[in-house]
Amino acid sequence: LFLTIAYLAQLISWIPVTRLTFIYHYFPCVPFIVLMLGYSILCIYNDAKNKKTVVYGAFVYAGLAIVLFAMFYPVLSGQPCSPNYAEHFLKWFDSWVLL
């Protein structure tokens, strides 16, 4: 409940804003999302009968998050990358504007 209230306290202040907002306006919410994910995995682990499956699932989730971060890092940080890479590997939806 504390994490949800803290997350909403960061997010609700941006709801009435009618001007253009950017991704960095959402950054204060990220630590609360990370803590909520960790707490959710802990709750699933405590309730599970086969705890090894939960541990493997958590490692797979973390591994996928790291791989996706590495894949999208050039676009997120503004580092130079091949337009071919961005168009064929990163543009999953037609509405995404990456370059």
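Everything discussed here concerns the structure shown above.
What you see is a predicted model; the values in this text were computed from it and never measured.

Reading the values: the criteria
Residues numbered from 1 in each chain as written. Predicted model: local features only at pLDDT ≥ 70, side-chain atom pairs only at ≥ 80, totals over all residues. Heavy atoms only, no water. Axes fitted to C-alpha atoms, helices over the stretch in contact; angles between N-to-C directions. Helix = DSSP H or I, 4+ residues; strand = E, 2+ residues; numbered from the N terminus. Parallel < 35°, antiparallel > 145°, perpendicular 65-115°, else oblique. Left-handed = near helix turned anticlockwise from the far one by under 90°. Contact = heavy atoms within 4.5 Å. Nonpolar A, V, L, I, M, F, W, Y, C, P; charged D, E, K, R; others polar. Buried < 20%, exposed > 50% of the residue type's maximum accessible area, 1.4 Å probe, protein only. Polar contact = N/O pair within 3.5 Å; in protein donor to acceptor, adjacent residues only side chain to side chain. Patch = residues over 30% accessible without salt bridge, like charges linked within 9 Å, V, L, I, M, F, W, Y side chains within 5 Å. Areas by Shrake-Rupley, 256 points an atom, 1.4 Å probe, with all protein chains shown as cover. Salt bridge = Lys/Arg side-chain N within 4 Å of Asp/Glu carboxyl O. Arc of directions from axis to C-beta.

## Some points on the packing of helix H2 (residues 30-47) against helix H3 (residues 51-77)
Where H2 contacts H3, the axes come no closer than 9 Å and their chain directions differ by 160°. Relative to H3, H2 is oriented roughly antiparallel. Note that H2 runs across H3; the crossing there is right-handed. Residues Leu 37, Ile 41, Ile 44, Tyr 45 and Asn 46 of H2 form the contact with H3, whose own contacting residues are Lys 51, Val 54, Val 55, Ala 58 and Tyr 61. Of the residues assigned to the contact of H2 with H3, the class counts are 8 nonpolar, 1 polar and 1 charged.

## A closer look at the packing of helix H1 (residues 2-12) against H2
Running from N to C, H1 and H2 point in directions that differ by 155°, and their axes come no closer than 9 Å. Viewed along their axes, H1 and H2 adopt a mutual orientation that is roughly antiparallel. Seen along the crossing, H1 lies across H2 with a hand that is left-handed. Packed against H1, whose contacting residues are Leu 3, Thr 4, Ala 6, Tyr 7 and Gln 10, the element H2 presents Phe 32, Ile 33, Leu 35 and Met 36 at the interface. Per-class residue counts for the contact of H1 with H2 are 7 nonpolar, 2 polar and no charged.

## Quick notes on the environment of Val 54
Within the secondary structure, Val 54 is located in helix H3. On the basis of relative accessible area, Val 54 is assigned to the buried category, the value being 14%. C-alpha separation for the pair Val 54 and Ile 41, spaced 13 residues apart in sequence, amounts to 7.8 Å. Setting aside chain neighbours within four positions, we find Val 54 in contact with Ile 41, Ile 44, Tyr 45 and Ala 48.

## Description of the side chain of His 25
Of note, His 25 is situated in the loop between H1 and H2. Reaching out from His 25, the side chain makes a polar contact with the backbone nitrogen of Phe 22 at a distance of 2.8 Å. Once residues within four sequence positions are removed from consideration, His 25 is found in contact with Trp 14 and Arg 19.

## Here's the deal with a nonpolar patch on the surface
A contiguous nonpolar patch, built from Leu 20, Phe 22, Ile 23, Tyr 24, Phe 27, Val 30 and Val 34 and spanning about 740 Å² of accessible area, is present on the exposed surface. In this fold, Phe 22 is placed in the loop between H1 and H2.

## Some details on H1
Taken as a whole, H1 has its buried residues at Leu 3, Ala 6 and Tyr 7. Mapping the buried residues of H1 onto a view down its axis gives an arc of 100°, with all of them on the same face. Exposed side chains of H1 directed beyond 90 degrees from the buried face belong to Phe 2, Ile 5 and Ala 9. Lining the buried residues of H1 we find H2.

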